[in-house]
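Each chain, written out:
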Amino acid sequence: MKVLVPVKRVIDYNVKVRVKPDQSDVDLANVKMSMNPFDEIAVEEAVRLKEAGTAEEVIAVTIGPEKAQDQLRQALAMGADRAILIETTETVEPLSVAKLLAKVCEEESPQLVVMGKQAIDDDCNQTGQMLAALMGWPQGTFASAVTKEGDKLHVTREIDGGLQTVALNLPAVVTTDLRLNEPRYASLPNIMKAKKKPLDKKSPSDYGVEITARLKTLKVTEPPKREAGIKVGSVADLVEKLKNEAGVL
Amino acid sequence: MTILVIAEHTNDHLSDATAKTVSAATKIGGDIHVLVAGSGASAAAEQAAKISGVAKVLHAEDDHYAKQLAEPMAALILSLADDYDVLMAPAGTDGKNYMPRVAAKLDVMQVSDIIAVESADTFQRPIYAGNAIATVQSSDAKKVITVRGTAFDAPAMDGSASVETIGAAEFPSISEFVKEELTKSDRPELQGAKIVISGGRALASGENFEKYIYPVADKLGAAVGASRAAVDAGYVPNDMQVGQTGKVVAPELYIAVGISGAIQHLAGMKDSKVIVAINKDEEAPIFQVADYGLVADLFEAMPELEKAL
């Protein structure tokens, strides 16, 4: 089967973001950007399906600026076969991303879409579910295990109470949680090879999708600051302070 | 304005987050209805009827709703959506699963995980692991919203809304429940607990959680959480993870044991009222948010703490 892996270029997870003084957004100038960590897990899962003979082709797709090619090249270096960049400099909301991905699904007819459960920039956790809805496909969100059982896909999901396994008809959308796998590092030869793999460039208008934002960001502010408190010298001190100063025991 | 809150429940028990979602709905203002869809969920429906501010509870019974699978849940919510201006659910793993599915079908951009209501169309939500707060205004005619329970007060439970039984919607037979492994614990639930004690990588094993964390938790009547590192290493199950992509908690007292304090972990606990950090590395970032820091070896400090309580 064919597997589609949408990925997103986001601020690197180790970078601490700063809010711009004019409160218009966070400051992304000269900040290290990387592939969304959950999407790396998705690429790894797709590549493993290919290595296991379950998938024949893995296609990476992203919607973002020209520089988002870096993330597609990373996906190709990890083992994806080809890539699609839908280029735009605008901020594209999950609903519009889902609409664009739905068009890609109509064109490519993948049996499976694997993607991160959320992007660590807007923390929305929506796109996979929205894509599944638009396609009328089932969804296996927050996946920690994915296996093909006959013509169904079994997805074990990390839920608030523990783990839940569902059986999905194919095609389906799976969104990845942290413990699905540990993504590989691309080797240097694979990074070199990835430069020669096909990468198609498109624009949102090629798909006839309107990407106007529905949410207007009025402002972006710093959260209330927490000041470091005091160091206590012993366990006895700690218990005394919690009882008598903080009053929480 | 008419608002539908979709209840999060385990059929016999309604979650606290559902009541807190009703609090958020009250801030928007309007008639508030609660949908309880489940299998043998009369108890949950009755609890929902008691939430102050709720005008009516809609109770849908069918086996298909027993496990809250996204496909049947979304179909049911969509069948009711015409009558409502706002659809809201707690931002737990159920709401996060079905609400975007509903939003996409309604051609609405969902507002995820709100922490404050500024007006009927303007909300605050954390972004970048809570390192920034965005105030967003929705231009969609209908609103689809998920709510971070810890950001809203629990309403009184003195209501007496009517419970109306409604029929099931069509079932998209594209998914089915296979099995579940739920973590059994006699300790309080992480997200409602007054005291949370969490362990990190420094615990070094699941046995050490048993030996050093649980006894203190039981003395305090505390829930037990963990950092991602401890869950990844297999010391404890996934549902104990506190952080950006795990559970968000805001107890009266949060005790972080052997947790260094990555920003992703801080995102899940920094709204706690009092934070205690016990860590032998005095440079650990967790001390920057802790009200009380104890630089100590947890393997010595925890038995001492257990005795002192």
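Computed from a predicted structure; not experimentally measured.

Attention now moves to the overall build of chain A. Each helix and strand in chain A was counted, giving six helices and 13 strands. Its C-alpha atoms give chain A principal-axis dimensions of about 65 × 45 × 40 Å. Considering only contacts in chain A between residues 6 or more positions apart, those separated by 24 or more positions represent 71%. Accessible surface for chain A amounts to roughly 10,700 Å². Of this, 48% is attributable to carbon and sulfur atoms. One finds the centroid of the 34 positive side-chain charges in chain A at a distance of 2 Å from the centroid of its 37 negative side-chain charges.

Here we take up the interface of chain A and chain B. Across the contact, 79 residues belong to chain A and 86 residues belong to chain B. Carbon and sulfur atoms supply 55% of the area buried between chain A and chain B, which totals about 6,900 Å² over both sides. Looking at the side of chain A facing chain B, the largest losses of area belong to Asp160(A), Arg214(A) and Arg226(A), adding up to 11% of the total buried there. Along the contact surface separating chain A from chain B lie six salt bridges. Between Arg214(A) and Asp140(B) there is a salt bridge, and its shortest N-O distance comes to 2.7 Å. If you look at where chain A meets chain B, you find 48 residue pairs in polar contact (both at pLDDT 80 or more). Listing elements by their share of the side of chain A that touches chain B, those giving two or more residues are helix H3 (94-108), helix H4 (127-135), strand S7 (139-149), strand S8 (152-159), strand S9 (162-169), strand S12 (215-221), strand S13 (230-232) and helix H6 (235-244) of chain A. Taken together, the six bridges between S12(A) and strand S8 (residues 132-138) of chain B define a ladder with antiparallel strand orientation. In the strand pairing of S8(B), Val220(A) is matched with Ala134(B).

Moving on: helix H3 (residues 70-80) of chain B. Most of H3(B) sits out of view: eight of its 11 residues are buried. Taken together, the buried positions of H3(B) are occupied by Ala70(B), Glu71(B), Pro72(B), Met73(B), Ala74(B), Leu76(B), Ile77(B) and Leu80(B).

A word on the sheet that holds strand S13 (residues 223-226) of chain B. Taken in spatial order, the six strands line up as S13(A)-S16(B)-S15(B)-S14(B)-S12(B)-S13(B) in an open sheet, and their pairing is parallel. The open sheet has two free edges, formed respectively by S13 of chain A together with S13 of chain B, since each of these has just one partner strand. Adjacent strand axes in the sheet meet at a mean angle of 20°, parallel and antiparallel pairs treated alike. Its contacts with the sheet place helix H8 (residues 298-308) of chain B against strand S12 (195-199), strand S14 (253-257), strand S15 (274-279) and strand S16 (292-295) of chain B, and it is angled at close to 130° to S15(B).

Attention now moves to the pattern of salt bridges. Two side chains of opposite charge can pair, provided their charged atoms sit close to one another. Residue and element names in this part refer to chain A. Applying the stated criterion to the full structure yields 26 salt bridges over all chains. Residues Lys 50 and Asp 81 are paired through a salt bridge, measuring 2.6 Å at the closest nitrogen-oxygen approach. Pair noted here: Lys 50 is in helix H1 (residues 37-51) and Asp 81 is in the loop between helix H2 (69-78) and strand S5 (82-87), with a separation of 31 residues, a long-range link. Judged by its relative accessible area of 29%, Lys 50 falls in the partly exposed class. Taking the relative accessible area as the measure of exposure, Asp 81 reaches 21% and is therefore partly exposed. Salt bridges sharing common partners tie together Lys 2, Glu 57, Arg 82 and Glu 108.

Taken together, the 10 strands give an open sheet; going across it, the order is S11(A)-S5(A)-S4(A)-S1(A)-S6(A)-S10(A)-S7(A)-S8(A)-S9(A)-S11(B), and neighbouring strands pair in mixed fashion. The sheet is open, and its two edges are formed by strand S11 (199-202) of chain A together with strand S11 (175-182) of chain B, each paired on a single side. Each neighbouring strand pair of the sheet contributes to a mean axis angle of 25°, computed without reference to strand direction. Against the sheet, H2(A) makes contact with strand S1 (2-7), strand S4 (57-64), S5 and S11 of chain A, and its axis sits at roughly 165° relative to S5(A), the strand it touches most. Where H4(A) meets the sheet, its contacts fall on strand S6 (112-116), S7 and strand S10 (172-176) of chain A, and the angle it forms with S10(A) comes to roughly 175°.

Our focus in this paragraph is the UniProt feature "domain: Electron transfer flavoprotein alpha/beta-subunit N-terminal" (unreviewed entry) in chain B. Mapped onto the present numbering, the UniProt feature "domain: Electron transfer flavoprotein alpha/beta-subunit N-terminal" (unreviewed entry) falls at residues 3-181 of chain B. With 25% helix and 34% strand, the stretch residues 3-181 of chain B has end C-alpha atoms that lie 34 Å from each other.

Looking now at the pairing of strand S4 (residues 86-90) of chain B. Residue and element names in this part refer to chain B. The buried fraction of S4 amounts to five of the five residues, a majority that puts the element mostly inside the structure. Because side chains alternate across S4, one face comprises the buried residues Val 86, Met 88 and Pro 90, and the other comprises Leu 87 and Ala 89, equally buried. Here three bridges tie strand S1 (residues 2-6) to S4, and the two strands are oriented parallel to one another. Bridging across to S4, Ile 3 finds its partner in Val 86. Bridge analysis of S4 against strand S9 (residues 143-147) gives five bridges, and the strand direction is parallel. Its bridge partner being in S9, Pro 90 is matched across the sheet by Val 147.

The rules we used
- Residues numbered from 1 in each chain as written.
- Chains lettered and ligands numbered in written order.
- Predicted model: local features only at pLDDT ≥ 70, side-chain atom pairs only at ≥ 80, totals over all residues.
- Heavy atoms only, no water.
- Helix = DSSP H or I, 4+ residues; strand = E, 2+ residues; numbered from the N terminus.
- Contact = heavy atoms within 4.5 Å.
- Areas by Shrake-Rupley, 256 points an atom, 1.4 Å probe, with all protein chains shown as cover.
- Lys, Arg positive; Asp, Glu negative; His and termini not counted.
- Charge placed at Lys NZ, Arg CZ, Asp CG, Glu CD.
- Buried area = accessible area lost by both parts, 1.4 Å probe.
- Salt bridge = Lys/Arg side-chain N within 4 Å of Asp/Glu carboxyl O.
- Polar contact = N/O pair within 3.5 Å; in protein donor to acceptor, adjacent residues only side chain to side chain.
- Pairing = 2+ DSSP bridges.
- Buried < 20%, exposed > 50% of the residue type's maximum accessible area, 1.4 Å probe, protein only.
- Axes fitted to C-alpha atoms, helices over the stretch in contact; angles between N-to-C directions.
- UniProt positions renumbered as here; feature names shortened; annotations may be inferred.

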